[in-house]
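If you want the building blocks of each chain, they are given just below.
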Amino acid sequence: MPQTIDVNLRSLTGARAEIYPGADVGLRTAAAGKNTFYIETFGCQMNVHDSEKVAGVLLGRGYRQVESPDAAQVVFYNTCSIREKAAQKVFSRLGDFKTRQNEGRIIGVLGCVAQQEGEEIFERAPWVGLVCGSASYRKLPELLAELESGNRRVMGLDKDTGETFETEITRRDNPFRAYLTIIEGCDKSCAYCVVPYTRGPERSRASASILEEVRRLADAGYSEIQLLGQTVNSYRDPSTRRMSFAELLAAVAGVAGIRRVRFTTSHPRDFGADIVAAMDAVPEICDHVHLPVQSGSTRVLRAMQRTYTREEYLEKIALIRAARRPISLTSDIIVGFPGETDRDFEETLSLLDVAQYDSTFSFQFSPRPNTPALRMPDAVPEEEKGRRLAVLQQRQREIQTARNQTRVGQTFEVHVDGASRKAGQWAGRTSSNHILNFTSPRTGLLGEYVQVQVTRAGPNSLVGEHNV
Ligand code: 5AD
Ligand code: SF4
């Protein structure tokens, strides 16, 4: 059904920087243009949150954030290299500065492309001054100090630091949902993926430190927390408390003032019944699990080194479907992995029917440097990958349309995070992470939790009315 409601979301307003008690930051007042920074982020939620922390480090040094690279003295790109297209974007951005090398600006490349390409970035774009991978962000203040004292090129490319990136200030860009990384890096070795290479091995943050941050966030007014990790449910408390991930979820949800707890991304291998039991017991844990399957064919899963079979994955789904409340399930899928036959692809399609996902992110396989899949035989031609992707997306669209139709007439609690320019139109998310656009006679709903009845449904969102 076409969406007729026009919700032009205003950009999220009122971004907040929390200066935590005890943080000795001594902010200087920056003169216009001087000590200003601009940061653009590509890629996953972890990168988005890393940028919030990087911005915090800069704010702590007296820098001020500006909205355009032209107005900034320091321009940072926090980059993604998960697929080739994402990685190319940063070089096109860097190209914009080629002819403006003498403007005294510092250009920095952060994140996964920085880690992947290292010094070569200086060769491809000699006007870049800083290259720093995510495992070295703790060094950022030092690197910045070197730049400020006139050093032209600085680099942070450690991988095995064993450190997590904690900052005294985090400039949180989303005023409604606070992101919090509980585990960095990845110890799995999926054959297609650069993450273990670019983000290094898994490092979990101590549970007490996580809970302390959640309490501060609740005090600062956040009611929704999203716990982040490439494999968030592989969390292992490094402290003597040895809290399991399921226990941690419940503990975060138990902090006074917290109404919603989300977590992403879960790896099927480490997804156990204890997580579902925690969801059953604790209503603040949201009705949503993102559980990427990647392929519906056991043969391809094996080649991908995903460490589970189709049947084992379906058993995990059965656990989730047996929960006391309906839990929305979402997934990531790759089509055209080397050696994927028509029959393998058919198995992915049939898995969509069984799994009944509420949404999926689907991608054509993209060969990446430093990954085992780069040299695997039987590459699927680009055109065929494109065809499979279109077929898969169409099938999933039908599933979502049908699933969303069943929600018409139901009432959901919505956390309001957007307002349209048109009076009376709002947007928010249900606990199941569905976007719900709705009308309300009330004003000032941003950040509120309201009950909304669904009146219409499309494949990607719901439309409703606020029950006042
Ligand atoms: N090609 C295509 N998709 C990929 N992903 C990760 N690496 C690749 C790749 N080389 C997808 C996976 C993962 C999501 C974040 O990106 O589906 O879950
Ligand atoms: Fe990449 Fe696999 Fe780790 Fe996910 S679990 S980050 S896909 S290696």
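Here, the structure is the one placed above.
Described in the following lines is the structure provided in the data block. (Residues numbered from 1 in each chain as written. Chains lettered and ligands numbered in written order. Predicted model: local features only at pLDDT ≥ 70, side-chain atom pairs only at ≥ 80, totals over all residues. Heavy atoms only, no water.)

## Things to note about the environment of Ala71
1) Next: Here Ala71 shows up in the loop between strand E3 (64-65) and strand E4 (74-79).
2) Next: Residue classification places Ala71 among the partly exposed residues on the basis of a relative accessible area of 40%.
3) Next: The sequence separation of Ala71 and Arg105 amounts to 34 residues, and the corresponding C-alpha distance is 9.9 Å. (Helix = DSSP H or I, 4+ residues; strand = E, 2+ residues; numbered from the N terminus. Buried < 20%, exposed > 50% of the residue type's maximum accessible area, 1.4 Å probe, protein only.)

## Looking at the packing of helix H11 (residues 310-321) against helix H12 (residues 342-355)
1) Next: Here H11 crosses H12 at 15°, and the two axes come no closer than 11 Å. When the axes of H11 and H12 are compared, the pair comes out roughly parallel. Pair H11 / H12 crosses with right-handed handedness. For the pair H11 and H12, the contacting residues are Arg310, Tyr313, Leu314, Ile317 and Arg321 in the first and Glu347, Ser350, Leu351, Val354 and Ala355 in the second. (Axes fitted to C-alpha atoms, helices over the stretch in contact; angles between N-to-C directions. Parallel < 35°, antiparallel > 145°, perpendicular 65-115°, else oblique. Left-handed = near helix turned anticlockwise from the far one by under 90°. Contact = heavy atoms within 4.5 Å.)

## Focus on empty space enclosed by the protein
1) Next: This model, assessed by the stated rule, comprises two cavities of 30 Å³ or more.
2) Next: Of the pockets and cavities examined, the second largest cavity occupies roughly 30 Å³.
3) Next: Along the walls of the second largest cavity sit Lys53, Thr164, Phe165, Glu166, Thr181, Ile182, Ile183, Glu184, Arg203 and Arg205, which together make up its complete lining.
4) Next: Of the residues belonging to the lining of the second largest cavity, the class tally is three nonpolar, two polar and five charged. (1 Å grid on protein atoms, 1.4 Å probe; cavity = no way out; pocket = protein on both sides within 12 Å on 5 of 7 lines; lining within 4 Å. Points joined across faces, edges and corners; volume = space filled by probe spheres on them. Nonpolar A, V, L, I, M, F, W, Y, C, P; charged D, E, K, R; others polar.)

## Some thoughts on the sheet that holds strand E16 (residues 359-364)
1) Next: In spatial order, the strands read E14-E15-E16; together these three strands make up an open sheet with parallel pairing. Strands with a single pairing partner mark the edges of an open sheet, and in this sheet they are strand E14 (288-290) and E16. Mean inter-strand twist for the sheet, computed between neighbouring axes without regard to direction, equals 10°.
2) Next: Note: E14 against strand E15 (residues 328-335), three bridges, orientation parallel. What sits directly across from His288, in E15, is Ser328.
3) Next: Across the sheet, helix H13 (residues 382-405) lies against E15 and E16, angled at about 175° from E16, the strand it touches most. (Pairing = 2+ DSSP bridges.)

Keep in mind these values describe shape, not function.
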